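The residues making up each chain are set out below.
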Amino acid sequence: MTNDLKESFIPDSPPAPAALAAKVRTLSPSMTRSMQRVAEAVAGDPAGCAALTVTGLAELTGTSEATVVRTARLLGYPGYRDLRLALAGLAAHQESGRAPAVTADIAVDDPIADVVAKLAYDEQQTLADTAAGLDTVQLGAAVAAAATARRIDIYGVGASSLVGQDLAQKLARIGLIAHSHTDPHLAVTNAVQLRSGDMAIAITHSGSTGDVIEPLRVAFDRGATTVAITGRPDGPVTQYADHVLTTSTARESELRPAAMSSRTSQLLVVDCLFIGVAQRTYETAAPALAASYEALAHRHTPRTR
């Protein structure tokens, strides 16, 4: 996705009401401060904001009507009227009890039972937000390219590298040539060998990790199909991505850093990508999976003389 296309990164249809809160969490860090005030207002009080005109919301947030409209469009709505309809829908969800309040952060003195409950809720919310905000058109295009790719290179560092390794081993088990590169130098030298018909996947929650962006840029320049799995759909990594798969921006706390919370949403996207590829290549994927299961079963069964 080039810089020229960034402004057009808006879904073909507006997000469902349930996806609005996820959109705000994902995009808010990259907004201007005035746009953040609008986004925080609509996420914090959807019912109240749904009753306001564009002028009323601008006055409430201390911004301008133009800022309100820009925020609505960045969130995926053609205009403020569409955003108001989504806010009304979100308010109805919350009233019916289907959208529980966000739990408090984990405290140092929390009992372990509370830690389990809070983490479980946050994980569920992260998965729901990611599913609601995932562009299935982009996902389908990435699946189609991966299913026919001669070779798939995956780039990630830190926690994202663990997700990359998970994807690589899954793809290998259905007979695809896939490699996860965690060393930035090796990632670049391998990216140089890619060409049209190959694929490169970059995994970076921040969307600005240089050691991940550089090999993706090289792969992009070489003609490979490129994919970015990121929590920042307008981050630098998307400049070199043909397809962008957005993950949810989970809440970060002192005891639960971003690397920990983002991994959950990344793993969901990776699983969606893998299942899609396995479906498209089922005739070869199914026997390959069966062979890998059989090989592992023999390995774990004691040999008898």
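Preceding this paragraph is the structure being described.
Residues numbered from 1 in each chain as written. Predicted model: local features only at pLDDT ≥ 70, side-chain atom pairs only at ≥ 80, totals over all residues. Heavy atoms only, no water.

**Focus on the nonpolar core**
Note the threshold: Here, nonpolar core refers to any group of buried Ala, Val, Leu, Ile, Met, Phe, Trp, Tyr and Cys residues whose side-chain atoms link them within 4.5 Å. Think of it in three bands: with a 1.4 Å probe and only protein chains considered, a residue is buried below 20% of the maximum accessible area for its type, exposed above 50%, and partly exposed in between. What counts as a helix is a DSSP run of H or I of at least four residues, what counts as a strand is a run of E of at least two, and both are numbered from the N terminus. Contacts were defined at the residue level, with two residues in contact if any of their heavy atoms lie within 4.5 Å.
Within the largest apolar cluster, 30 residues are counted, with the highest numbers of intra-cluster contacts made by Ile152, Leu171 and Ile201. Those elements giving two or more residues to this core turn out to be helix H9 (136–148), strand E1 (152–155), helix H10 (159–173), strand E3 (199–204), strand E4 (225–230) and helix H13 (258–280). Discounting residues that sit within four places of it in the chain, isoleucine 152 has contacts with Ala146, Leu171, Leu176, Ile177, Ala178, His179, Met199 and Ile201.

**A word on the packing of aromatic side chains**
Selection rule: Between the rings of Phe, Tyr and Trp (Trp by its six-membered ring), a pair exists once the centres lie within 6.5 Å; its type follows the angle of the planes, with under 30 degrees stacked, over 60 edge-to-face, and the other angles tilted.
According to the stated counting rule, one finds one aromatic pair in the structure shown. Centre to centre, the rings of phenylalanine 220 and tyrosine 240 are 6.1 Å apart; their planes meet at 65 degrees, and the pair counts as edge-to-face. With a gap of 20 residues between them, phenylalanine 220 in helix H12 (residues 210–221) and tyrosine 240 in the loop between E4 and strand E5 (243–246) connect regions that are remote in the sequence.

**Notes on the sheet that holds E3**
To keep things clear, this is the line we draw: Here a strand pair is declared whenever DSSP counts at least two bridges between the two strands. All axes here are fitted lines through C-alpha atoms, helices being fitted over the stretch that makes contact, and every angle between N-to-C directions spans 0 to 180 degrees.
Pairing within the open sheet is parallel, and its five strands lie in the order E2-E1-E3-E4-E5. Looking at the sheet topology across the chains shown, the edges are occupied by strand E2 (178–181) and E5. Strand-to-strand, the axes of this sheet are offset by a mean angle of 15 degrees, without reference to chain direction. With six bridges connecting them, E3 and E4 associate as parallel partners. Bridging from a neighbouring strand, isoleucine 203 pairs with isoleucine 229 of E4. Its contacts with the sheet put H10 on E1, E2 and E3, and the angle it makes with E2 is roughly 165 degrees. Its contacts with the sheet place helix H11 (residues 184–191) against E1 and E2, and it is angled at close to 150 degrees to E1.

**A short note on the side chain of serine 160**
Residue placement: serine 160 occurs in helix H10. Non-local contacts of serine 160, meaning those with residues more than four positions away in its chain, are made with Ile203, Thr204, His205 and Gln266.

**Considerations on the environment of aspartate 183**
Definition in use: We call two N or O atoms a polar contact when they sit within 3.5 Å, provided that within protein one can donate a hydrogen and the other can accept it, with sequence-adjacent residues counted only if both atoms are side-chain atoms.
By secondary structure assignment, the location of aspartate 183 is in the loop between E2 and H11. Take aspartate 183: its relative accessible area is 34%, and that puts it in the partly exposed class. Residues aspartate 183 and glycine 156, spaced 27 residues apart in sequence, show a C-alpha to C-alpha distance of 8.7 Å. Of note is the side chain of aspartate 183, whose polar atom sits 2.8 Å from the backbone nitrogen of histidine 185.

**Digging into helix H3 (residues 33–44)**
Put simply, the rule reads: A helix is expected to span 1.5 Å for every residue after the first.
Along its 12 residues, H3 runs 16 Å from first to last C-alpha, staying within 8% of the 16 Å computed at 1.5 Å per residue. Listed in full, the buried residues belonging to H3 are Met35, Gln36, Val38, Ala39, Ala41 and Val42.

**Points about helix H6 (residues 65–74)**
Residues spaced three or four apart along an α-helix face the same direction, because each turn holds 3.6 residues. Convention followed: Think of the arc as the fan of directions from the helix axis to the C-beta atoms.
Within H6, the full set of buried residues consists of Thr67, Val68, Thr71 and Ala72. Looking straight down H6, one finds its buried side chains confined to an arc of 140 degrees; they lie on one side. Just beyond H6, the residue with positive phi is glycine 76, at close to 110 degrees.

**Looking at the packing of H3 against H6**
Applicable threshold: Roughly parallel here means an angle under 35 degrees, roughly antiparallel means over 145, roughly perpendicular means 65 to 115, and every remaining angle is called oblique. In this count, Pro and Cys sit with the nonpolar residues alongside Ala, Val, Leu, Ile, Met, Phe, Trp and Tyr, while Asp, Glu, Lys and Arg are called charged and the others, Gly among them, polar.
Close contact between H3 and H6 brings their axes to 9 Å; oriented N to C, the two are set at 70 degrees. Our classification of the angle between H3 and H6 gives roughly perpendicular. Side by side, H3 and H6 meet where Ser34, Met35, Val38 and Ala39 of the first sit next to Thr67, Val68, Arg70, Thr71 and Leu74 of the second. Its residues assigned to classes, the contact of H3 with H6 shows five nonpolar, three polar and one charged.

**Thoughts on the pairing of E5**
Alternating positions in E5 separate into two faces, His243 and Leu245 on one and Val244 and Thr246 on the other, with burial throughout. Here E4 pairs with E5 via four bridges, running parallel. Along E5, the bridge assignment pairs threonine 230 with threonine 246.

**Digging into the pattern of salt bridges**
Selection rule: For this analysis, a salt bridge means a side-chain nitrogen from Lys or Arg found within 4 Å of a carboxyl oxygen belonging to Asp or Glu.
What the rule picks out here adds up to eight salt bridges. Residue arginine 151 pairs with aspartate 153 through a salt bridge whose shortest N-O separation is 3.0 Å. Comparing arginine 151 with aspartate 153 shows no difference in burial state: the two are buried. Its salt-bridge partner being aspartate 221, residue arginine 217 comes within 2.8 Å of it at the nearest N-O pair. Of this pair, arginine 217 and aspartate 221 are both found in helix H12, four residues apart, which corresponds to roughly one turn of the helix. With a relative accessible area of 26%, arginine 217 lands in the partly exposed category. Within this structure, Asp166, Lys170 and Asp271 form a network of salt bridges that share partners.

**Describing the side chain of threonine 226**
With respect to the secondary-structure elements, threonine 226 resides in strand E4. Once you skip the residues sitting within four places of it in the chain, threonine 226 turns out to touch Ala200, Leu216, Ala219, Phe220, Tyr240, Ala241, Asp242 and His243.

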